[in-house]
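Listed here are the chains, written in short residue letters.
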Amino acid sequence: MALTILRTVRPSTTWQDTLIVIKEGQRVVFDVEETWSPDMRDQIAWCGADGIYRHAAGDGYLLPGTNVGALIARIDKGPAFAIGSRYDLIAATAGTLFLAMNDHTDHNNQAGKVVAQIILFDE
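(A) The arrangement of the sheet that holds strand β1 (residues 2–9) in detail. Here we have 4 strands laid out as an open sheet, ordered β1-β10-β3-β7, and antiparallel in their pairing. Since the sheet does not close on itself, it has two edges, and those belong to β1 and β7 (86–90), each with one partner. Across this sheet, the average inter-strand angle for adjacent strands is 20°, counted without regard to direction. In this structure, β1 lies alongside strand β10 (residues 114–121), joined through 8 bridges in antiparallel fashion. Of the residues in β10, the one forming a bridge with Val9 is Val114.

(B) The arrangement of the sheet that holds strand β6 (residues 81–82) in detail. Reading across from one edge, β2-β8-β5-β6 is the order of the 4 strands in this open sheet, with antiparallel pairing throughout. For this open sheet the edge positions go to β2 (16–22) and β6, each flanked by a neighbour on one side alone. Here 2 bridges tie strand β5 (residues 71–75) to β6, and the two strands are oriented antiparallel to one another. Within the sheet, the bridge partner assigned to Ile72 lies in β6 and is Ala82.

(C) Geometry of the side chain of Asp103. Note on placement: Asp103 falls in the loop between β8 (95–101) and β9 (111–112). Despite its burial, Asp103 pairs with no opposite charge, the nearest such side chain being Arg41 at 7.8 Å. Residues in contact with Asp103, not counting those within four places in the same chain, are Thr13, Pro38, Asp39, Gly60, Tyr61, Leu62, Val68 and Gln110.

(D) Seen up close, the nonpolar core. Residues Ile22, Phe30, Val32, Leu71, Leu99 and Ile118 are the most contacted members of the largest nonpolar core, which totals 30 residues. Secondary-structure elements contributing two or more residues to this core are β1, β2, β3 (27–33), β5, β8 and β10. If sequence neighbours within four positions are ignored, Leu99 has contacts with Val9, Thr14, Trp15, Gln16, Thr18, Leu71, Ile72, Ala73, Ala116 and Ile118. Among the nonpolar cores identified, the runner-up in size contains 5 residues, and Trp15, Leu63, Ile72 and Ala100 belong to it.

Cut-offs used in this document
Residues numbered from 1 in each chain as written. Predicted model: local features only at pLDDT ≥ 70, side-chain atom pairs only at ≥ 80, totals over all residues. Heavy atoms only, no water. Pairing = 2+ DSSP bridges. Helix = DSSP H or I, 4+ residues; strand = E, 2+ residues; numbered from the N terminus. Axes fitted to C-alpha atoms, helices over the stretch in contact; angles between N-to-C directions. Buried < 20%, exposed > 50% of the residue type's maximum accessible area, 1.4 Å probe, protein only. Lys, Arg positive; Asp, Glu negative; His and termini not counted. Salt bridge = Lys/Arg side-chain N within 4 Å of Asp/Glu carboxyl O. Contact = heavy atoms within 4.5 Å. Core = buried A, V, L, I, M, F, W, Y, C linked by side-chain atoms within 4.5 Å.

Now the structure itself:
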């Protein structure tokens, strides 16, 4: 059996608490829709949860090497990982799920939102 939860994610580098507690070894599937825009300084660039295609984040971003504007996650204070628009996870650790936009921590002119459908499967 599975439980489906919807969470709206603001376009921010601040980690947003989903209030969803994940168990170690639990399967979690993400399906994310809608659009948002990271702070590109001199241009406007709307994208989905996969971020801006072929525009990898550098130093100062929450998850360097992943597309700018991508939806990222972490479990408690664990390492960040890319979610994008679709992701299937077997949790390596237990804890609370946090979500954020992969943007530079000094940037604060983002727009839009994405909505994540998070499906939690029984162990």
